[in-house]
Amino acid sequence: MDILSDNKCFGGRQLVCRHPSTSTGTDMTFGLFLPPQAEAGAVPVVFYLSGLTCTHENAMVKTGAQRKAAEIGLALVFPDTSPRGDGVADDAAYDLGQGASFYLDATQTPWATHFRMFSYVAEELPALIGAEFPVDGARCGVTGHSMGGHGALTIAMHHPERFRSLSAFSPIVHPSASDWGRKHFIAYLGADESLWAAHDSCRLVRDRGFPGKILIDQGDADQFLDYLKPDDFATACAEAGQEVTLRMQPGYDHSYFFIASFIDDHLEHHAAQLAAV
């Protein structure tokens with residue numbers, strides 16, 4: 001693993017690292033914020049999954065999450081959104097291919113060779129972070145935005161033993177019934193819709209649920225509401241008896257300004273949940 005940069009930040013360290021991934025078969029880059037408390041011992045960690053077109057850098061730079069994380073003693077991991085590089089499949093559309101993995105393990109050509117982001121985020125990256133840095137792998141949470149919110153919800157519901165706290169910003173919650181989902185599921189998983197259920201939060205919350213409280217923030221002025229379908233998830237949670245706080249925030253859109261406005265609430269949510277582990 002190579003440390004590409006290491007900057008002092010709110011008394012802690014903001015690193016950018018690159019390593020060869022066994023999941024994707026490519027080099028992968030991630031950001032890691034270690035709060036000052038990490039100098040004294042292992043700290044809880046929250047993974048932040050970004051949305052379409054993003055890299056590891058967007059949330060690392062734009063959310064301002066490090067200030068609160070340093071205050072309450074949380075490490076933050078900012079993975080990339082897909083494998084990249086020569087020989088990695090891509091598409092001319094912004095919402096398919098590199099930068100648009102949908103955090104699943106693809107089974108269809110040409111994506112199956114490298115697009116294994118579900119395995120990377122759920123298994124490989126947490127193991128690497130736990131082995132190489134002073135973080136407590138038993139106290140791990142996940143959050144994300146848009147496509148990354150979709151990834152956070154689905155991965156946590158599959159792996160509640162690993163991700164003990166869960167939140168999301170403007171997540172794509174019903175991709176099987178959305179233009180942000182159907183196109184990608186067909187490309188990555190094939191046309192058999194029965195295979196899509198494992199990556200649809202509305203279906204997963206009915207089939208599996210999450211053992212803790214879920215926090216979701218959604219702007220009511222979000223230009224992509226028709227794609228995100230938060231009401232569908234609220235209905236599914238009510239039917240499944242899932243504990244969830246879904247806050248519709250008046251006037252907020254889909255941008256990082258929205259995330260920066262409420263990131264402190266989400267980090268405090270994770271800190272409280274992980275303190276009980």
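Look up: the structure comes first, before these words.
Residues numbered from 1 in each chain as written. Predicted model: local features only at pLDDT ≥ 70, side-chain atom pairs only at ≥ 80, totals over all residues. Heavy atoms only, no water.

Chemist: Requested: an account of the packing of aromatic side chains, with residues and values cited.
Modeler: A full pass over the atoms with the stated rule returns 13 aromatic pairs. Each ring, one from W111 and one from F115, has its centre 5.2 Å from the other, and the planes form 80°; the classification is edge-to-face. The exposure class of F115 is buried, given its relative accessible area of 1%. Arranged with centres 5.0 Å apart and planes meeting at 70°, the rings of Y252 and F262 form a pair that is edge-to-face. In this pair, Y252 sits in the loop between β9 (244-249) and α9 (256-275) while F262 sits in helix α9, placing the two residues 10 residues apart along the sequence. A residue is classified by how much of its surface remains accessible, and Y252, at 30% relative accessible area, is partly exposed. Through a chain of ring-to-ring contacts, three or more aromatic side chains come together here, namely F169, Y252, F258 and F262. (Phe/Tyr/Trp six-rings, centres within 6.5 Å; stacked < 30°, edge-to-face > 60°. Buried < 20%, exposed > 50% of the residue type's maximum accessible area, 1.4 Å probe, protein only. Helix = DSSP H or I, 4+ residues; strand = E, 2+ residues; numbered from the N terminus.)

Chemist: Account for the packing of helix α2 (residues 65-72) against α9, with residues named and values stated.
Modeler: Running from N to C, α2 and α9 point in directions that differ by 30°, and their axes come no closer than 9 Å. One element, α2, and the other, α9, form an angle in the roughly parallel class. Pair α2 / α9 crosses with right-handed handedness. Contact residues: A65, R67, K68, A69 and I72 in α2; I263, D264, L267, E268 and A271 in α9. Its residues assigned to classes, the contact of α2 with α9 shows six nonpolar, no polar and four charged. (Axes fitted to C-alpha atoms, helices over the stretch in contact; angles between N-to-C directions. Parallel < 35°, antiparallel > 145°, perpendicular 65-115°, else oblique. Left-handed = near helix turned anticlockwise from the far one by under 90°. Contact = heavy atoms within 4.5 Å. Nonpolar A, V, L, I, M, F, W, Y, C, P; charged D, E, K, R; others polar.)

Chemist: So what's going on with helix α8 (residues 230-240)? Which residues, and what values?
Modeler: Within α8, the full set of buried residues consists of P230, F233, A236 and C237. Viewed end-on, α8 has its buried residues packed into an arc of 120°, placing them on one side of the element. Turned more than 90 degrees off the buried face of α8, the exposed positions are D231, A238 and E239. Looking at the buried side of α8, the elements it contacts are α4 (147-158), α6 (201-207), β8 (214-219), α7 (225-228) and β9. Just beyond α8, the residue with positive phi is G241, at close to 75°. (Arc of directions from axis to C-beta.)

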